[in-house]
Amino acid sequence: MPYLQELLTRIHMPQEASGVILAAAEKIPPQDLADAADAFFSGSEIREEINAISEKTGIPFETATLCVLMLLSERTKADYQAAGWPENLFYDTMSDFTVWAKTGMRANGSWGIPRENDWWLRKHLRMELVRLGRMQFEPSTFQLEEYHGRTMDLRRGDPVLNCHIPQGEPFTKELRHDSYTRAVDFFGRNLFAVETWFLYPVHRQILKPTSNIIGFMDEFTTLHTEVYPDNNDLWRVFGFLDDYSPEKLPRETSLQRAYADHLAKTGETGGGYGIMLFENGRCVQP
């Protein structure tokens, strides 16, 4: 499978994972894959089709999901070419397969997309989201009822560029601003929005002012915050654990130590929603 082999190489998939994915791809009946492709690009989430492939071939569902979606990306590559989008943009965006394959290994001990996260990579295949440097961007709409700012008024449904932050590389100001610049050039708009645990206000109390998370918070005007009822983003700080009791948490990084101490005091985590204008290389309040 020349396409799949090239994709695995270009997105730097670990060698062990590549072997598992290539072996799985050999087991998938071509007609089943073609039917899944037709259903997917017609709007289906194809979980039933992938489950049927998993049951027929014995490939675990999470691995089958990873393999099928990677194979379907060949059609996405053709769509990139038809749209005049550069090839390097395609491979940069598809590198999220590697991010989530590693996440699956940490979470479940196997190479595959965790079942609760498989919806995310569908955006990549449908060209709804692209990676530009360190960050990913998705044309979207303003999610609050209204905002009256210094230079603009916004209402629910007004266009924005959603920011997403893949796991992996450092998150420095230089890399963030490089991504914002690329996004403005690519999409022709400069109003950004983000909904993320990074905007949890408590970070200003528990993290150093020099933290990259604080730097990111400073770039956005936070409009809404909330406490997460199930602490669902703790895996991003500590990895996947069976028990997030504060006394059992790892303390290998300054972020882990800050969160472990905070959880021991409050037991809470949270996040927020914010917006930002990027003008002349600077983040400014809209």
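The preceding data block contains the structure.
Residues numbered from 1 in each chain as written. Predicted model: local features only at pLDDT ≥ 70, side-chain atom pairs only at ≥ 80, totals over all residues. Heavy atoms only, no water.

### Some thoughts on the side chain of arginine 176
Here is step 1 of the chain: Within the secondary structure layout, arginine 176 lies in helix α9 (residues 173-187).
Here is step 2 of the chain: Among the polar contacts listed, one links the side chain of arginine 176 to the side chain of glutamate 219, at a separation of 3.0 Å.
Here is step 3 of the chain: The contacts of arginine 176, once residues within four sequence positions are left out, are Met135, Phe171, Asn212, Gly215, Phe216 and Glu219. (Helix = DSSP H or I, 4+ residues; strand = E, 2+ residues; numbered from the N terminus. Polar contact = N/O pair within 3.5 Å; in protein donor to acceptor, adjacent residues only side chain to side chain. Contact = heavy atoms within 4.5 Å.)

### A short note on helix α5 (residues 61-83)
Here is step 1 of the chain: With 23 residues, α5 should reach 33 Å at 1.5 Å per residue; the first-to-last C-alpha distance of 32 Å fits that figure.
Here is step 2 of the chain: Once α5 finishes, glycine 84 follows within two positions and takes phi at roughly 80°, a positive value. (Expected span 1.5 Å × (residues − 1).)

### Notes on the side chain of threonine 196
Here is step 1 of the chain: With respect to the element layout, threonine 196 can be found in strand β6 (residues 191-196).
Here is step 2 of the chain: In this view, threonine 196 contacts Ile165, Phe216, Tyr228, Gly271 and Gly272; residues no more than four positions away in its chain are not counted.

### Re the pattern of salt bridges
Opposite charge on two side chains permits pairing when their charged atoms draw close.
Here is step 1 of the chain: Going through the model one piece at a time under the given rule, you end up with 19 salt bridges.
Here is step 2 of the chain: In this structure, glutamate 62 engages arginine 115 in a salt bridge whose closest nitrogen and oxygen atoms are separated by 3.8 Å. Placement of glutamate 62 in helix α5 and of arginine 115 in the loop between α7 (96-108) and α8 (122-125) is noted, with a sequence separation of 53 residues between them.
Here is step 3 of the chain: A salt bridge links glutamate 219 to arginine 176; its shortest N-O distance comes to 3.0 Å. Of this pair, glutamate 219 sits in helix α11 (residues 212-219) while arginine 176 sits in helix α9, and the two are 43 residues apart along the sequence. (Salt bridge = Lys/Arg side-chain N within 4 Å of Asp/Glu carboxyl O.)

### Thoughts on the nonpolar core
Note that soluble globular proteins tend to have their nonpolar side chains buried in a common cluster.
Here is step 1 of the chain: By size, the foremost hydrophobic cluster in this structure holds 79 residues, and its most contacted members are Met70, Phe97, Tyr180, Phe192 and Phe216.
Here is step 2 of the chain: Take this core: its biggest share by element is 10 residues, from α5.
Here is step 3 of the chain: Setting aside chain neighbours within four positions, we find tyrosine 180 in contact with Met135, Phe137, Cys163, Phe192, Phe216, Glu219, Phe220, Met276, Phe278 and Cys283.
Here is step 4 of the chain: In this structure, Val160, Ile275, Leu277 and Val284 belong to the second largest nonpolar core, which totals 10 residues. (Core = buried A, V, L, I, M, F, W, Y, C linked by side-chain atoms within 4.5 Å. Buried < 20%, exposed > 50% of the residue type's maximum accessible area, 1.4 Å probe, protein only.)

### A look at the pairing of strand β8 (residues 269-279)
Here is step 1 of the chain: Of all 11 residues in β8, 10 are buried; the element is thus mostly enclosed.
Here is step 2 of the chain: Of the pairings in the sheet, the one linking β6 to β8 comprises six bridges and is antiparallel in character. When the bridges of β8 are listed, glutamate 195 appears paired with tyrosine 273.
Here is step 3 of the chain: Bridge count between strand β7 (residues 221-228) and β8: seven bridges; the pairing is antiparallel. Bridge pairing in β8 places threonine 222 opposite glycine 274.
Here is step 4 of the chain: In this structure, β8 lies alongside strand β9 (residues 282-284), joined through three bridges in antiparallel fashion. Following the sheet pairing, leucine 277 is matched in β9 by valine 284.
Here is step 5 of the chain: The loop that links β8 with its antiparallel partner β9 comprises two residues; one of these, asparagine 280, has a positive phi angle of about 55°. (Pairing = 2+ DSSP bridges.)

### Quick notes on the environment of leucine 7
Here is step 1 of the chain: Within the secondary structure layout, leucine 7 lies in helix α1 (residues 2-10).
Here is step 2 of the chain: Measuring from C-alpha to C-alpha, the distance between leucine 7 and methionine 94 comes to 8.4 Å, with 87 residues separating the pair along the chain.
Here is step 3 of the chain: With sequence-adjacent residues up to four places away left out, leucine 7 is seen in contact with Met70, Ser73, Phe90, Tyr91 and Met94.

### Here we look at the packing of helix α2 (residues 15-27) against α5
Here is step 1 of the chain: The geometry of α2 relative to α5 is characterised by a closest axis approach of 9 Å and an angle of 80° between their N-to-C directions. On the basis of their axis angle, the class for α2 and α5 is roughly perpendicular. Contacts between α2 and α5 involve Val20, Ile21, Ala24 and Ala25 on the former and, on the latter, Thr63, Leu66, Cys67, Met70 and Leu71. (Axes fitted to C-alpha atoms, helices over the stretch in contact; angles between N-to-C directions. Parallel < 35°, antiparallel > 145°, perpendicular 65-115°, else oblique.)

### Here we look at helix α4 (residues 47-57)
Here is step 1 of the chain: Looking at α4, one finds that the buried residues are Ile50, Ile53, Ser54 and Thr57. Looking straight down α4, one finds its buried side chains confined to an arc of 100°; they lie on one side. Summarising the geometry of α4, the exposed residues directed more than 90 degrees from the buried face are Glu48, Glu55 and Lys56.
Here is step 2 of the chain: On its buried face, α4 is in contact with α2, α3 (30-40), α5 and α8.
Here is step 3 of the chain: Looking one or two residues past α4, glycine 58 carries a phi angle of roughly 80°, positive in sign. (Arc of directions from axis to C-beta.)

### Notes on the packing of aromatic side chains
Here is step 1 of the chain: Taken as a whole, this structure holds 20 aromatic pairs when the rule is applied.
Here is step 2 of the chain: Relative to tryptophan 120, the ring of tryptophan 119 has its centre 5.5 Å away and its plane inclined at 80°; by these criteria the two rings are edge-to-face.
Here is step 3 of the chain: Given a relative accessible area of 11%, tryptophan 120 falls into the buried group.
Here is step 4 of the chain: Pairing tyrosine 180 with phenylalanine 220 gives two aromatic rings, centres 6.5 Å apart and planes at 65°, and the pair type is edge-to-face. Taken together, the residues tyrosine 180 in helix α9 and phenylalanine 220 in the loop between α11 and β7 connect sequence positions 40 residues apart.
Here is step 5 of the chain: The exposure class assigned to phenylalanine 220 is buried, which follows from its relative accessible area of 6%. (Phe/Tyr/Trp six-rings, centres within 6.5 Å; stacked < 30°, edge-to-face > 60°.)

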